[in-house]
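# Overview (structure and organization)
These are the residues of each chain, in order.
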Amino acid sequence: QSKIAATVVNASISGDTTSGGRSRLPALLTQHKPRIVVIELGANDALRGLPLVMTRNNLVALVLMIDARHGISDHDLPVLDAIVPTGRPVLILATKADKLNRNEQREALASIVSAVGARYRHGNVKVQLFSATTRQGVEEAEATIAGWLP
């Protein structure tokens with residue numbers, strides 16, 4: 001099993017909201033100059049009863065990770081339903097692609113693209129196969145995300 005040579009900076013603040021995280025992000029990006037950024041916010045917004053529209057407005061884009069072997073789940077749909085209609089970009093990473101052979105990968109990707117296309121005809125949604133283990137799709141995901149940044 002290989003590891004990524006990276007420094008991890010945990011800039012989280014317990015109890016932070018999407019609004020707080022969004023306001024702190026530019027300074028953190030300038031300070032740390034990261035190549036990869038993972039942001040996990042939103043739970044505290046919900047716990048505080050903040051309106052979903054307020055949380056949604058604090059998000060620039062969405063990277064949704066799903067298991068390629070199982071496709072879009074009922075748990076993914078509310079997240080997509082909240083973001084896709086805003087026109088914000090969405091990247092769906094179909095993870096664990098390395099667990100599937102080439103034919104199964106094609107079938108899994110086609111199934112996910114079909115499900116997403118049927119539900120979100122006019123959304124800005126991209127679906128791609130991904131494997132952290134083999135690094136399949138890593139460069140493509142990085143390029144997609146880089147295209148979202150100013």
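Keep in mind the model is a prediction, meaning the values are calculated, not measured.

Within helix 6 (residues 138-148) the residues assigned to the buried category are Val138, Ala141 and Thr144. End-on, the buried residues of helix 6 take up no more than an arc of 130°, which puts them together on one face. Exposed side chains of helix 6 directed beyond 90 degrees from the buried face belong to Glu139, Ala143 and Gly147.

A few words now on the side chain of aspartate 76. The residue aspartate 76 is located in helix 4 (residues 76-83) in this model. Arginine 119 provides the closest opposite charge to the buried, unpaired aspartate 76, separated from it by 11 Å. Only 2.8 Å separates the side chain of aspartate 76 from the backbone nitrogen of serine 73, close enough to count as a polar contact. With residues up to four places along the chain from it excluded, the contact list for aspartate 76 reads Leu64, Ile66 and Gly71.

For the rest of this paragraph, the subject is helix 5 (residues 102-119). Here helix 5 contains 18 residues, and its C-alpha end-to-end distance of 26 Å stays within 8% of the 26 Å for a straight helix at 1.5 Å per residue. Among all positions of helix 5, only Gln105, Ala108, Ile112 and Val116 are buried. The buried residues of helix 5 all sit within an arc of 70° when viewed along its axis, so they share a single face. Residues of helix 5 that are buried make contact with strand 1 (62-67), strand 2 (90-95) and strand 3 (125-129).

A separate point is unusual backbone geometry. Phi is positive for lysine 96, which is not a glycine, with a value near 65°. With respect to the secondary-structure elements, lysine 96 resides in the loop between strand 2 and helix 5. Classification of lysine 96 by relative accessible area gives partly exposed; the value is 36%. Even without glycine at this site, arginine 135 takes up a positive phi of about 70°. Along the polypeptide, arginine 135 turns up in the loop between strand 3 and helix 6.

Reading the values: rules and limits
Residues numbered from 1 in each chain as written. Predicted model: local features only at pLDDT ≥ 70, side-chain atom pairs only at ≥ 80, totals over all residues. Heavy atoms only, no water. Buried < 20%, exposed > 50% of the residue type's maximum accessible area, 1.4 Å probe, protein only. Helix = DSSP H or I, 4+ residues; strand = E, 2+ residues; numbered from the N terminus. Arc of directions from axis to C-beta. Lys, Arg positive; Asp, Glu negative; His and termini not counted. Salt bridge = Lys/Arg side-chain N within 4 Å of Asp/Glu carboxyl O. Polar contact = N/O pair within 3.5 Å; in protein donor to acceptor, adjacent residues only side chain to side chain. Contact = heavy atoms within 4.5 Å. Expected span 1.5 Å × (residues − 1).

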